Amino acid sequence: MRADVRLGRVIVLVRDYDEALEFYTKSFGCEVVEDRPGPRELRFVHVRFPGDEAAIWLLRPGGEANLDRIGAQTGGEPVAVVYTDDLKVLATEWQDRGVRFSVDPYDAEGAAVCHVLDLYGNEFVAVQLPG
């Protein structure tokens, strides 16, 4: 017998909950899953792309020493890959909302791909799979 496993959350470190929430909802087009107070001045702020079950947990790092990890938590590599059924439409929506592209849309072995940055410089890869 095999256990059912699915992705629940990807954690993205943020400097300020409200500015991150504004970016992710207005620029990326995410919807709020949860926004409630947590312990030690933290908030449980979770957003997701419409229709997705997995979400992004926007988390302010604990302690001043960890603030330098914001935007660099993956050592310069992408923090997540998102899939879309129409990259051209998604890229146009993101451009219209002022999202910064680190790599403009391109074709790769039948897939369409682009790389975008959140307000802190975290990179997301958007992919339209072939077929």
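Below is a summary of the structure that appears in this document. Throughout this document, residue positions are counted from 1 along each chain, in the order its sequence is written. Restriction of local features to residues with pLDDT of at least 70 applies here, the model being predicted, together with a cutoff of 80 or more for giving and counting side-chain atom pairs; totals for whole chains, interfaces and linings are based on all residues. Hydrogens and water are ignored here; the side-chain numbers use all heavy atoms of the structure.

Our focus in this paragraph is the side chain of histidine 46. Inspection of the secondary structure puts histidine 46 in strand S3 (residues 43-48). Residue exposure (1.4 Å probe, protein chains only): buried if accessible area is under 20% of the type maximum, exposed if over 50%, otherwise partly exposed. Judged by relative accessible area, histidine 46 falls into the buried class, the value being 7%. Setting aside chain neighbours within four positions, we find histidine 46 in contact with Arg9, Glu31, Val32, Val33, Glu34, Ile56 and Trp57. Comment: elements are numbered from the N terminus, with helices defined as DSSP H or I runs of at least four residues and strands as E runs of at least two. Contacts between residues were defined by any pair of non-hydrogen atoms, one from each residue, lying within 4.5 Å.

Attention shifts here to the layout of surface pockets. One number sums up the size of the largest pocket: a volume of about 440 Å³. Of the residues in the lining of the largest pocket, the class split is 16 nonpolar, two polar and six charged. Space inside and on the surface of the protein is sampled on a 1 Å grid over the protein atoms alone, with a cavity defined as a set of points where a 1.4 Å probe fits but cannot get out and a pocket as an open set with protein on both sides within 12 Å along at least 5 of 7 lines; lining residues have an atom within 4 Å of a point. Grid points are joined across faces, edges and corners, and a volume is the space filled by probe spheres set on the points. Throughout, the ten residues Ala, Val, Leu, Ile, Met, Phe, Trp, Tyr, Cys and Pro are labelled nonpolar, Asp, Glu, Lys and Arg are labelled charged, and all others, Gly among them, are labelled polar.

Think of it this way: DSSP has to see at least two bridges between two strands before they count as a pair. A sheet is described by the order of its strands in space; here four strands give the open sequence S1-S4-S3-S2, paired in mixed fashion. Two strands lie at the open edges of the sheet, namely strand S1 (9-13) and strand S2 (31-37), each paired on one side alone. Strand after strand, the sheet turns through a mean of 20° between neighbouring axes, direction not considered. Direction of pairing for S1 relative to strand S4 (residues 55-59): parallel, over a ladder of five bridges. Paired with valine 12 across the two strands is leucine 58, which belongs to S4. To get an axis, fit a line to the C-alpha atoms, keeping to the stretch in contact for a helix; angles then go from 0 to 180 degrees between the N-to-C directions. Its contacts with the sheet put helix H1 (residues 17-27) on S1, S2, S3 and S4, and the angle it makes with S3 is roughly 10°.

Below, the discussion takes up the nonpolar core. Only buried Ala, Val, Leu, Ile, Met, Phe, Trp, Tyr and Cys residues count toward a nonpolar core, and they belong to the same one when joined by side-chain atoms within 4.5 Å. Tyr24, Phe28, Leu58, Trp94 and Phe124 are the most contacted members of the largest nonpolar core, which has 33 residues in total. If you list the elements that add at least two residues to this core, you get S1, H1, S3, S4, strand S5 (80-83), helix H2 (87-96), strand S7 (111-117) and strand S8 (123-128). When residues of this core are assigned to their parent elements, the largest contribution, five residues, is made by H1. In this structure, leucine 58 is in contact with Val12, Val14, Tyr17, Ala20, Leu21, Tyr24, Arg43, Val45 and Val47, ignoring residues within four places of it in sequence.

Strand order in the open sheet formed by four strands is S5-S8-S7-S6, and the pairing between neighbours is mixed. Because the sheet does not close on itself, it has two edges, and the strands there are S5 and strand S6 (100-108). Looking at each pair of strands side by side, their axes are set apart by 20° on average, direction ignored. Across six bridges, the pairing between S6 and S7 is antiparallel.

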